[in-house]
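Now for the letters of each chain:
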Amino acid sequence: MAIWVPDLTGRRGPAYLAIVEALAEDIAAGALAPGARLPPHRELAHALGLSPNTTSRAYAEAVARALVRGEVGRGTFVRAPGGPAEAASAADLRRAASGPIDLSRNLPNRGAAGEHLGRTLEWLGHDGGRNGDLQGLLDYHDAAEPDRAAAVALAWLARLGVPASADEAVVTVGAQHALFASLLALTRPGDLILTEALTYAPLKAMAARLGLTVRGLPLDADGLRPEALEALCADHAPRLAYLTPTLQTPTAAIMPESRRRALVEVAGRHDLLLIEDDVFGPLVLDAPPPLARLAPDRVVYLSSTSKVLAPGLRVGVARAPAPLAAALRGAVTLSCWMAPPLMAEIAGRWIADGTATRLTEAQRAVARRRQALAAHAFDGLEIRAHPCGLHLWLPLPTGWTADALRAEAATQGVRVTEAAAFAVDPAAAPEAVRLCLSHEPDEDRLSRGLDTIRRILDGPPGRTGPLVM
Ligand SMILES: Cc1ncc(COP(=O)(O)O)c(C=O)c1O
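Residues numbered from 1 in each chain as written. Predicted model: local features only at pLDDT ≥ 70, side-chain atom pairs only at ≥ 80, totals over all residues.

Points about the overall build of the chain
Then, number 1: When its secondary structure is counted, the chain shows 16 helices and 17 strands.
Then, number 2: What you see for the chain is a C-alpha radius of gyration of 24 Å, in line with the 23 Å of a compact globule of 469 residues.
Then, number 3: Counting only C-alpha atoms, the chain reaches 80 × 50 × 45 Å along its principal axes.
Then, number 4: Of all 469 residues assigned to the chain, the portion counted as buried reaches 47%. (Helix = DSSP H or I, 4+ residues; strand = E, 2+ residues; numbered from the N terminus. Rg over C-alpha atoms; globule rule 2.2 N^0.38 Å. Buried ≥ 20, exposed ≤ 12 C-beta atoms within 10 Å, placed from the backbone.)

Describing the sheet that holds strand E3 (residues 75–78)
Whether parallel or antiparallel, the strands of a sheet pair through hydrogen bonds between backbone atoms.
Then, number 1: In spatial order, the strands read E1-E3-E2; together these three strands make up an open sheet with antiparallel pairing. Because the sheet does not close on itself, it has two edges, and the strands there are strand E1 (37–38) and strand E2 (68–71).
Then, number 2: One ladder, built from four bridges, connects E2 with E3; its direction is antiparallel. When the bridges of E3 are listed, Arg-69 appears paired with Phe-77. (Pairing = 2+ DSSP bridges.)

Some remarks on the site of the ligand
Then, number 1: If you check the shell around the ligand, you find 13 residues, and the closest are Gly-174, Ala-175, Gln-176, Ser-304 and Ser-306.
Then, number 2: Split into classes, the residues belonging to the shell around the ligand amount to four nonpolar, eight polar and one charged. (Near = placed C-beta within 6 Å. Nonpolar A, V, L, I, M, F, W, Y, C, P; charged D, E, K, R; others polar.)

Concerning the domain arrangement of the chain
Accessible area lost upon the coming together of the parts serves often as the stated size of an interface.
Then, number 1: Domain annotation for the chain reports domain 1 (15–78), domain 2 (84–107 + 364–458) and domain 3 (113–353).
Then, number 2: With centres defined by C-alpha atoms, the gap from domain 1 to domain 2 works out at 29 Å. (Domains from an automatic or database assignment.)

Side note on helix H5 (residues 113–125)
Then, number 1: Along its 13 residues, H5 runs 18 Å from first to last C-alpha, staying within 8% of the 18 Å computed at 1.5 Å per residue.
Then, number 2: Looking one or two residues past H5, Asp-127 carries a phi angle of roughly 95°, positive in sign. (Expected span 1.5 Å × (residues − 1).)

What about the sheet that holds strand E13 (residues 316–319)?
Then, number 1: As summarised here, the arrangement of the seven strands in space is E5-E13-E12-E11-E10-E6-E7, forming an open sheet in which the pairing is mixed. Edge positions in the sheet fall to strand E5 (169–172) and strand E7 (213–217), since each has one partner strand and no second. On average, each strand axis in the sheet is tilted by 20° relative to the strand beside it, whichever way the strands run.
Then, number 2: Contacting E5, strand E10 (240–243), strand E11 (273–277), strand E12 (299–304) and E13, helix H7 (residues 175–186) crosses the sheet at an angle of about 35° to E13. (Axes fitted to C-alpha atoms, helices over the stretch in contact; angles between N-to-C directions. Contact = placed C-beta atoms within 7 Å.)

Looking at the environment of Arg-110
Then, number 1: Summarising the element assignment, Arg-110 is placed in the loop between strand E4 (101–102) and H5.
Then, number 2: Along the backbone, Arg-110 and Arg-95 are 15 residues apart, and their C-alpha atoms lie at a distance of 9.1 Å.
Then, number 3: Aside from chain neighbours lying at most four places away, what touches Arg-110 is Arg-95 and Pro-441.

Quick notes on the packing of helix H14 (residues 355–377) against helix H16 (residues 443–458)
Then, number 1: At a minimum axis distance of 9 Å, the contact between H14 and H16 shows a crossing angle of 25°. By the angle between their axes, H14 is roughly parallel relative to H16. Where H14 crosses over H16, the two elements pack in a sense that is right-handed. Contacts between H14 and H16 involve Arg-370, Leu-373, Ala-374 and Ala-377 from the former and Glu-443, Leu-446, Ser-447, Leu-450, Asp-451 and Arg-454 from the latter.
Then, number 2: The class makeup of the residues in the contact of H14 with H16 is five nonpolar, one polar and four charged. (Parallel < 35°, antiparallel > 145°, perpendicular 65-115°, else oblique. Left-handed = near helix turned anticlockwise from the far one by under 90°.)

What follows is the structure in C-alpha cells.
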C-alpha cells in the first residue's frame, strides 16, 4: 500500500517544518482523514531521502501542534478536528443557557456569591470596619509590609489546617499566579522540574516560557507514585516537583496519608522542594493532611478562593518557609506589584462573617448532587471521582480513543477534555477524558450532556486509527 509522502517542492526553511506544513495542508484539504495512520518516521525518512532525526522531529512538532497523536506501540494518527488546543480557544467561559454543553471547564458553580458581594460592597461603602480608611484600599502597598491582606491570607490558611506565620504567607492573584510566582522565584532556565504525568495544563506552558524542562511521573489511583519520584531524584537533579495531592488534576485522585508521608520522606532524602497545589482542598472535608503540614520546611503550599467562593475574586495564597516566601514576594512584586487589596478585603469579610463557610458548603452540596447524577449516568463504567469534587475522570471502555470520543461528543454538542491536554507526554496519554460538572448552570443540561456521553460510549467504539495509509 502506498504510504503518505508529503510534497516538499518549493518549501523553504528547515525540512522538519516543511513536513509539518505539508501535513497540515493535506489534513486541511482532506487528503489525510482523521484516523489516517502516518508511515513510521524511518520509512518516511527513507522515502524523502532525509535523516530519521528530521522526520522524528517533524512528528514531534506535529504532535505538539495537535495535528496528529502518537499511540505507543501503534503509530502516529491524524487527529479528529478540534483537538485540545483548538477546543481550549474555541470554548469560551460564558455559562450559556443554550448551545454546546460545556463539561470542559473546571469552574465552581456560580452560586450565591454575587448576592453576598452586593451586601459586602454596601457594608464597605458604609465604612465596613475600616475606620474611614477606604483610601487605603486604593494605594500601592509595600509587598514586604504585613497588612490586612496578609492577615486574610493567614485566616484562609488556618481554615485549611495549614499553620503559618506572617513571614511565611504571600498574597497572590489566584493560585495560578501563585504557581507562576513560585516558578519565577524558585527556578532558573534549564532547571528540571517534575510533576504528575497528567497535570494542570498551564504548568507546561509556564515551564516552556521559563525555559524549564518538565518530566512527568506515573500516577495510579492514589496519585503520584513515590518510588517513581525516588528513581528520578536518584538519576537526575530536579529543582522541584509540582503536584496536586487532593482532587488531582485531572484524575480526581486523593492521595492517602501513607503515600503523602512516603512522598515527603523521599523528598527529604533528596532535598527536593515540593509545590503542593491545593486549590480543590477546601471542597474535601475528609482530605488527609496537606504535605505542607507534614513537611513545612520543604513545601510551598498554594491555595485560592477560586473553587469555593468565586474565581473572579482572584485571591490566592502561597505559604512557604520564610526565606522562600521572601523570594515569592519578590516574584509577586515583579509580576503585578501586589494583589488588589479590595479583593482580599472582600475575602477577609467573608471569612470573618461566615459567608465563606456557607458558600463552600453550598459548593459542596451542588457537587454532591451533580456527582450523583454522573454516577447514575455512568453506572457500570469505571469513573474516578470524589462526592464533593468539581470534576471526574472517565477512563474509556476498551476500543475507544479519547480523541474519537471528544470529537464525537463535540459533534453531538458536548465539550469534554481528553487526557492528552494534561499530559506531559501526549503520546503516552491514557484513553480517558475529564468531565467538569459545576460549570454548567443548569442541571438538566448537565444531565443531558452526561447522558449523551453515555449513549456514545454504549455505541460501537469510534476509534480513530484503523485507517492505514
Ligand atoms: C490545579 C489547579 N490549580 C490552579 C488553578 C487556578 O486557580 P485560580 O483561579 O486560583 O488561579 C486551577 C483552576 O482550574 C487548577 O485546576
